[in-house]
Amino acid sequence: MSLKVATWNINSVRLRIDLVTKLLADEAPDVLCLQETKCPDDLFPEKALHKAGYTHIVKSGQKGYHGVAIVARVPLENASVKQFCGKQDCRHIQATAKGVEIHNFYVPAGGDEPDPVKNEKFAHKLQFLDEMATWFKRAKAKTTAKRVVVGDLNVAPLEHDVWSHKQMLKIVSHTPEEVARFEAVVAAHKWIDVPRLFTPHDEKLYSWWSYRAKDWETSNRGRRLDHIWASPALDGAATGVKTLTHARGWERPSDHAPVIADFAV
């Protein structure tokens, strides 16, 4: 049995619902996890998704900010959300598809100043990552559980996950402090970095390009902020992965590209 999972920070699902349905038509994932939906649950564009054949939807949204959703053409079971850092800000949702527990995250971006004392947003990000690590460490007891984590995790951890390792060391998303927290989350459940199974660590791999760039494709100053992880129970199950870089060039695009992985489950 196969499972095809896509993750995409859509940066407003209502504004870009046509891009979402285009992705579904082009790639036909079993499950699409969206972040930054920026949409209250009662205004989520379910009708267009149902028309596209994606009738199974779970969502956790709020007006104007954050928001996550899982849409699928296969049944979703055991849906739930977890709140982090004592905030009700719609950054996690999970559901099970084809026996695989899928966690969809939108980790806080962290603002511009990489100082938790001066910048509350950065402090929030570090705390969020710490709580993720604690939670997954507890979940590790169920070592046979098939789990996948996806989402905009807002950290580019590896040297070649950013356009310039040296210049990015003091930029939020690639600072040593964030990377150390990120690595602790990975170690907490021995997560497998699925895209890096297919692209060597010494090759550049990005999923985000700033809107501020006049020509994002030519300058290619990207970062890999969007991730897909598999639990040890899925070791060897990933059969392919791709980042749809060309989607960054679609009309009125998100600044993130979709990332898609295939699993034999």
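What counts and what doesn't
- Residues numbered from 1 in each chain as written.
- Predicted model: local features only at pLDDT ≥ 70, side-chain atom pairs only at ≥ 80, totals over all residues.
- Heavy atoms only, no water.
- 1 Å grid on protein atoms, 1.4 Å probe; cavity = no way out; pocket = protein on both sides within 12 Å on 5 of 7 lines; lining within 4 Å.
- Points joined across faces, edges and corners; volume = space filled by probe spheres on them.
- Disulfide = S-S within 2.5 Å.
- Buried < 20%, exposed > 50% of the residue type's maximum accessible area, 1.4 Å probe, protein only.
- Helix = DSSP H or I, 4+ residues; strand = E, 2+ residues; numbered from the N terminus.
- Axes fitted to C-alpha atoms, helices over the stretch in contact; angles between N-to-C directions.
- Parallel < 35°, antiparallel > 145°, perpendicular 65-115°, else oblique.
- Left-handed = near helix turned anticlockwise from the far one by under 90°.
- Contact = heavy atoms within 4.5 Å.
- Nonpolar A, V, L, I, M, F, W, Y, C, P; charged D, E, K, R; others polar.
- Core = buried A, V, L, I, M, F, W, Y, C linked by side-chain atoms within 4.5 Å.

Visitor: Any details on empty space enclosed by the protein? Residues and values, ideally.
Guide: Space left empty within the atom packing is revealed by a probe, the size of a water molecule, rolled over the atoms. Enumeration over the complete set of coordinates arrives at one cavity of 30 Å³ or more. Approximately 40 Å³ is the volume found for the largest cavity. Considering the residues around the largest cavity, the lining is formed by I192, V194, L197, A230, L234, D235, G236, A237 and A238.

Visitor: Run through the state of the cysteines, naming residues and quoting values.
Guide: Counted by the stated rule, this structure contains zero disulfides. Among the cysteines around C33, which has no disulfide bond, C90 carries the closest sulfur, lying 15 Å off. By relative accessible area, C33 is classed as buried at 0%.

Visitor: How would you summarise unusual backbone geometry if you had to cite specific residues and measurements?
Guide: Phi at K38 takes a positive value of approximately 55°, unusual for a residue other than glycine. Relative to the elements of secondary structure, K38 occurs in the loop between β2 (31–35) and α2 (46–51). The backbone of R252 shows a phi angle near 50°, a positive value even though the residue is not glycine.

Visitor: Lay out the packing of helix α3 (residues 120–139) against helix α5 (residues 176–189) with the relevant residues and their values.
Guide: Packed helix pairs are specified by the crossing angle of their axes together with the interaxial distance, meaning the distance between the axes. Orientation of α3 relative to α5, taken along the N-to-C sense of each, is 15°, at an axis distance of 7 Å. The angle between α3 and α5 falls in the class roughly parallel. Two packed elements cross with a definite hand, and for α3 against α5 that hand is left-handed. Touching F122, K125, L126, L129, D130, M132, A133, F136, K137 and A139 of α3 are E177, E178, R181, F182, A184, V185, A188 and H189, all from α5. Within the contact of α3 with α5, the residues separate by chemical class into 11 nonpolar, one polar and six charged.

Visitor: A description of the nonpolar core should follow, citing residues and the corresponding values.
Guide: General note: in soluble globular proteins, nonpolar side chains tend to be found buried as a group. Ranked by internal contacts, the top residues of the largest apolar core, which has 28 residues, are V31, I70, I102, I228 and F263. Residue assignment for this core shows that the elements contributing at least two residues are β1 (2–9), β2, β4 (68–72), β6 (92–97), β7 (100–106), β8 (147–152), β12 (226–230) and β14 (259–264). Once you skip the residues sitting within four places of it in the chain, F263 turns out to touch M1, S2, L3, V5, V148, V194, I228, A230, A237, A238 and T239. Within the second largest apolar cluster, 22 residues are counted, among which are V20, C39, L244 and I260.

Visitor: I'd like a rundown of the layout of surface pockets, residues and numbers included.
Guide: Estimated volume of the largest pocket: approximately 1,200 Å³. Put simply, the parts of the chain that give the lining of the largest pocket at least two residues each are α3, β10 (208–209) and α7 (216–219). Considering each element in turn, the lining of the largest pocket owes the most residues, three residues, to α3. When grouped by side-chain class, the residues that make up the lining of the largest pocket number 14 nonpolar, 12 polar and 13 charged.

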